[in-house]
Amino acid sequence: MLEVRGIDVFYGDAQALWAVDLHVDEGEIVCIVGPNGAGKSTLVQAIAGLLPVREGYIAVDGVDVSRLPAHRVCDRGVAIVPEGRRIFPGMTVSDNLDLGAYRPDARRRHAEMRRRVLDLFPRLEERSRQLAGSLSGGEQQMLAIGRALMACPRILLLDEPSLGLAPVIVDEVFDVIGEINRTGVAVLLVEQNVQRALEIASRAYLLSEGRVEMAGTAAEFIGDAELQRTVLGIGPEAAAPAVSLHEPADQAIGETDA
Amino acid sequence: MARRTLLALAVAFAVLAAVPWIREPLGVPVFYLAFGALVFFWVAQATSWNLLSGYTGYFSFGQGAFFGVGVYTSAVLSGRGGMDYFLTIPLAGIVAALLGLAVGGVAFRLRSLRGEIFALLTLAVPFILASFARINTAIDGGQGIVLRIPEFPEFLGGFQDLAYLLSLGVAGLAVGIAYVAQHSRFGWALFAIRDAENVAEGLGVPTFGYKMLAIGLSAALAGMAGSVFALQIGFVTVEGTFNLTVPLFVIVMSVLGGRMHWLGPALGALIIVTLQDRLAAQGFEGYSLIILGAILVSLVLLAPEGLMARLRPRLLPVVAAAGAVYLALAVTGVWGAPLDWFAVALVAAAVVAFWPRRRTVAAARAAALGGIAPVEEVEDEDLTDTAAPEALPTPPAERAIGRPIIEAHDLTRHFGGIRALDGISLTIHEGEVVGLVGPNGSGKTTLVNLLSGALRPTSGDIRIDGRSVLGLPAHRLAHAGAARTYQIPRPFGSMTVRDNVAIAIMFGREAASLATARREARQHLELVGLVRHADALPGEINLHERQLLEIARAIATRPRVLLLDEALAGLNPAEIDNAAGVVRRVHESGIAIVLVEHVLRIVNQLATRVVVLDQGRLLAEGEPADVMRNADVVRAYLGRRAHA
Amino acid sequence: MIILQAAFSGILVGGLYALMAIGLSLTWGMLKVINLAHFGMILLSAYLTYAIATGLGIDPLLTIVATAPVMFVLAAALQWAFQRFRVSEFNSLLISFGVLIMLVQTISNVWTADFRRLGSDVNPYSSGALSIGPLAFPMPTLLAFVTALALVIALELALERTFAGRAVRAFSEDPPIAAAFGIDHRRIGILLAGVAGVTAALAGMLFAIGGSMTPSTALEWVGLVFAVVILGGIGNVAGTLLAGALVGIVTGLVTVLWSPSAAPLVVFSIVVLALLFRPRGLIPRGGTT
């Protein structure tokens, strides 16, 4: 239902993504892993329409959304839980949730969705009159997820949902992601916590230096040496840095594989 | 070129100063003296405003206050106090300067000062002064003050001649100061503040001091011009002095003429005053402010760089247009007087200058530079990089580690309720390359900000060479030997690549003049391989090159420790390897390096020691290969399995 | 007693300052536009109120039917231009300064620079006053204060309770994320600027009822009204009313106890102190629970 084909994305004039291909099918959880600065967040923001796509296209249910402004992409059923949560800190929890249901389609199902979100996160109901900025990190993450659900998405983009959270809370967040997925919402998950992400995902992509380095089922990724090497930057070449600095990195990695 | 310009300025000044004596033989009516005095008054006002607001970018609406204080100093002292008028001119300058320093002393200390707040604060100053003058009847006397014409030497001619000469004197002083500023450390410090104030401070520019100097000088010139103006009009009132007319006019004049060039405001003043005068003479007085407003709106929207920037690439057509229009009107004699022809010629010149054209590279350059010539004495140098980047296979680990330079002890920094850094202790030694890594949000950039003095720690201590540098402004840390780069390059956009580096040399640990700095810039550009782009603007080079420029600019301050904040972000693999080579060369030149980096492959290659942060704490420290196999580090990067 | 009277009168006058400041504060805080032309629109509304009420011989309060739509369109058009040209916060200050000067001069050309005042034949409010015990509240400032109060309540409710209001607040806190949830910032911006225009119409009408006007009056408001905006907290509607009342009280008391001309001195000293110590306004919102 989500198809990304050959996109190049720039931050100003810095190219962050090179010809990235990716797809998410109905009801799937797909995760994107990779080292810091690999372009994972960029990819998610480009899908949500927050960054312009210079080459290639992004289709939701076969409709190209890559040239639409963000507020129109949302109408196609794409909702984002951004990195760092980015809830509206000066607004109440309740207002944050209602804002999630801003688009007309969602506004019609507002009461029903609100009920479902509050059942999913009872803590948000207790705190509904509080300013969102006063919530704890974990609660803010719940709120960010709840806000996205209010938009009745068909695909949910989650960017680093476990960032800065205590392990217990991380477990909770991952449980919720699974639960949401079971209601039929497809999930595209960007996560630094590679192990946890691979446990709930069906497929995964490894992104490195702005390119898709590897794609496959989650099972194929788990325990893969290549993955660990890319994320940590270690491997044979670190122990004996005989590789010339003037060869492009992907070639260097190819060599060590051979 | 610089000398020729000075000479031209002096000649122009001498010719204008001779007008009172050659006027009658030439048959120039006395009206032109009054007109000239008015033009010079506005030249002085606009140029003095620009010295502060154009050069530093802090727009001030307080010009009316500085001007008004000058007016009232002379009016009170000579009009009511009976002091010799000529003595009150410098006094007016001094009083205005004190007011300027007071305003600056408050405003520039505001932590969250932004341009808009500064503008509004200065907007309030004339109103406060006006009410102050109204309360203290000793100042105004209630009905305004009359200034008597002072006695002056007979050879000067009539009162009109005196007023003309005084105005010319102040205007000449203002333009001269603006010229000198633009060609000295002072002016370049102000330009750096305008382009990127925090960066300038980090490179060793004492920004607060220079801003105070700018506002003090600007206010002094405005005050002296006000003093002369008071004599010209002879009768001053609070309502006629402290209003928004002066700020409005100087802003329009400077925006029209160009705020980045010393001559811009003067040119703008000439055009606006001439237009105003002619419109009034034709009976269109009621439309002059509408035209002024329209000029301001359209300039800000369409040509914010102003006339001087437009003149450089098409000087000949502009002058030709003005000359042709004037001659045509003069020869045919169908309409108007010489001043009318002059006004029309000026308008024609401006129209030709602003005529829209395709945005060529040259035009964009001129706009960014604001009409300033990048290098005035073109040096005979070949713009190729001689230091060929070589393959650098040697492992760095055996480099000699020397004495400690920076010692950070128990650093903690909170943002609101969040602990971005929590008790970090770290020592950087001579000869080291310390890789500083950790997941997103682990506090790496915060640590760089603390070590470079951009932020202050909530608690803890930082020492350089054993001396605490806590609480010192960032430029002092730069002088102590700490330099940094920014993750997203922040070059001075209106300066060439060479001048970006030259600024850092001028204000670095060993101060240098502009000319010396421009010469020395080459060696730093060579080190990073940017010599062939020396005369390019930062906007014309790619991201990788701008990141190299960040490094060149930082090492130009002659630091002992270089803090590289993700200098490789957003680069492709080949560029990353090139940048890594540059980092290595910098290290080999004897500078210790703190390398904050996401590309761990590079950290592992370059670092002599790796420090891992996680959630604001120090997670691990040691040899790269060991640290990257540390179980805690693996967990921080890869996450842990569920507890199930 | 005279002090008490001065304080209460001051609060009421503060209502007018607040009325002038609300629109500015909204567009500055929410849209990052510093609209000096707002003062020109207030002045234009005042003159239109004067002209229509005098010309048709109707109650000046009725003129709002005509002035509000005009100001809505004017302000919305200006905002459209700001968005069209992607004008920065700072340039909006310069451009709207130019527009202000043009408006003031145009008004001066049409109505001359003489002082104008609604005649008592069409202005039933000019002489009335509400007396409570020994205190007297002149009708024009009372009307202005009540209007400001009603406007603040209405705007706060709209911002709190309606989808459009939430959208405005969300947009001001985090534009890209707001966009990701379907908020079209251009429409919201134009709508909000238009509403600010309507507040200018109200302020102008009430100013016309209460006092006499000359084109340069607009420039005299600038300092005090920005003091109210900054003290109230930029973008904070309720804070604007409180700050207006505070400035009114201070002005009233200083006038009685010291001298009328000392009032700006005291007010701006407070502003400078506030900028030094409470940069987010006297009653910052959003920071604490």
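Residues numbered from 1 in each chain as written. Chains lettered and ligands numbered in written order. Predicted model: local features only at pLDDT ≥ 70, side-chain atom pairs only at ≥ 80, totals over all residues.

## Quick notes on the overall build of chain C
Alright, step 1. Each helix and strand counted, chain C has 11 helices and 2 strands in total.
Alright, step 2. When the helices and strands of chain C are placed in sequence order, the string is α-α-α-α-β-β-α-α-α-α-α-α-α.
Alright, step 3. Referenced to the eigenvectors of the C-alpha coordinate spread, the extents of chain C come out at roughly 55 × 45 × 35 Å. (Helix = DSSP H or I, 4+ residues; strand = E, 2+ residues; numbered from the N terminus.)

## A word on unusual backbone geometry
Residue and element names in this part refer to chain A.
Alright, step 1. You will see that Ala19, though not glycine, has its phi angle at about 45°, which is positive.
Alright, step 2. Residue placement: Ala19 occurs in strand S2 (residues 14-24).
Alright, step 3. With 13 C-beta atoms counted inside 10 Å, the residue Ala19 sits in the partly exposed group. (Buried ≥ 20, exposed ≤ 12 C-beta atoms within 10 Å, placed from the backbone.)

## Re the interface of chain C and chain B
Alright, step 1. The interface of chain C with chain B comprises 33 residues on the first partner and 30 residues on the second.
Alright, step 2. The set of elements that each furnish at least two residues to the side of chain C that touches chain B consists of helix H4 (89-111), helix H9 (217-232) and helix H11 (263-277) of chain C.
Alright, step 3. The biggest single contributor to the side of chain C that touches chain B is H4 of chain C, with 15 residues.
Alright, step 4. When grouped by side-chain class, the residues that make up the side of chain C that touches chain B number 23 nonpolar, 9 polar and 1 charged. (Contact = placed C-beta atoms within 7 Å. Nonpolar A, V, L, I, M, F, W, Y, C, P; charged D, E, K, R; others polar.)

## Topic: the confidence of the model for chain C
Alright, step 1. Summarising the model, chain C shows a mean pLDDT of 89, and 97% of its residues fall at 70 or more.
Alright, step 2. Note on the complex model: pTM 0.83, ipTM 0.89. (pLDDT = per-residue confidence, 0-100.)

## Observations regarding the pairing of strand S7 (residues 155-159) of chain A
Residues and elements named next belong to chain A.
Alright, step 1. The buried fraction of S7 is high, at 5 of 5 residues.
Alright, step 2. Burial of the side chains of S7 extends over both faces: Ile155, Leu157 and Asp159 are buried on one face and Leu156 and Leu158 on the other.
Alright, step 3. Across 5 bridges, the pairing between S7 and strand S8 (residues 186-190) is parallel. Paired with Leu158 across the bridge in S8 is Leu189.
Alright, step 4. Between the parallel pair S7 and S8, the chain is carried across by helix H8 (residues 167-182), and the sense of this crossover is right-handed. (Pairing = 2+ DSSP bridges. Right-handed = clockwise from strand over helix to strand, strands pointing away.)

## A closer look at the nonpolar core
Alright, step 1. Ranked by internal contacts, the top residues of the largest apolar core, which has 411 residues, are Leu157 of chain A together with Leu595 of chain B.
Alright, step 2. Sort the elements by how many residues they give to this core and helix H8 (residues 185-210) of chain C lands first, with 16 residues.
Alright, step 3. Discounting residues that sit within four places of it in the chain, Leu595 of chain B has contacts with Val433, Val434, Gly435, Leu436, Leu564, Val583, Val603, Leu606 and Ala607 of chain B. (Core = buried A, V, L, I, M, F, W, Y, C linked by C-beta atoms within 7 Å.)

## Topic: the packing of helix H5 (residues 115-135) of chain B against H11 of chain C
Alright, step 1. With their axes 8 Å apart at the nearest point, H5 of chain B and H11 of chain C run at an angle of 155° to one another. Between H5 of chain B and H11 of chain C, the interaxial angle falls into the category roughly antiparallel. Here H5 of chain B and H11 of chain C pass one another in a crossing that is left-handed. Residues Ile117, Leu121, Ala124, Phe127, Ile128, Ser131 and Phe132 of chain B of H5 of chain B pack against Ala263, Pro264, Leu265, Phe268, Val271 and Leu275 of chain C of H11 of chain C.
Alright, step 2. Of the residues in the contact of H5 of chain B with H11 of chain C, the class split is 12 nonpolar, 1 polar and no charged. (Axes fitted to C-alpha atoms, helices over the stretch in contact; angles between N-to-C directions. Parallel < 35°, antiparallel > 145°, perpendicular 65-115°, else oblique. Left-handed = near helix turned anticlockwise from the far one by under 90°.)

## So, the environment of Thr141 of chain C
All names here are of chain C.
Alright, step 1. Its place among the elements puts Thr141 in helix H5 (residues 139-161).
Alright, step 2. Sequence separation between Thr141 and Phe207 is 66 residues, and the spatial gap between their C-alpha atoms is 8.6 Å.
Alright, step 3. If we ignore the near neighbours within four places in the chain, the residues touching Thr141 are Ser9, Leu12, Val13, Gly15, Leu16 and Gly210.

## Re helix H9 (residues 207-233) of chain B
Residues and elements named next belong to chain B.
Alright, step 1. For H9, which comprises 27 residues, the first-to-last C-alpha distance of 39 Å matches the rise-based estimate of 39 Å (1.5 Å per residue) to within 8%.
Alright, step 2. Along H9, 21 of the 27 residues are buried, which leaves the element largely enclosed by surrounding structure.
Alright, step 3. Remark: Gly234 follows H9 within two positions and exhibits a positive phi of approximately 80°. (Expected span 1.5 Å × (residues − 1).)

## Thoughts on the sheet that holds strand S6 (residues 459-464) of chain B
All names here are of chain B.
Alright, step 1. Here we have 4 strands laid out as an open sheet, ordered S4-S3-S6-S7, and antiparallel in their pairing. Looking at which strands have only one partner, the edges of the open sheet turn out to be strand S4 (418-429) and strand S7 (467-468).
Alright, step 2. In this structure, strand S3 (residues 404-415) lies alongside S4, joined through 9 bridges in antiparallel fashion. By the bridge assignment for S4, Pro404 is matched with His429.
Alright, step 3. Sheet strands in contact with helix H18 (residues 444-451) are S3, S4 and S6, and its direction is about 120° off that of S3.

## Here's the deal with the sheet that holds S2 of chain A
Residue and element names in this part refer to chain A.
Alright, step 1. As summarised here, the arrangement of the 4 strands in space is S2-S1-S4-S5, forming an open sheet in which the pairing is antiparallel. Because the sheet does not close on itself, it has two edges, and the strands there are S2 and strand S5 (63-64).
Alright, step 2. Here 6 bridges tie strand S1 (residues 2-11) to strand S4 (residues 53-60), and the two strands are oriented antiparallel to one another. Each residue of the ladder has a partner; that of Val9, found in S4, is Val53.

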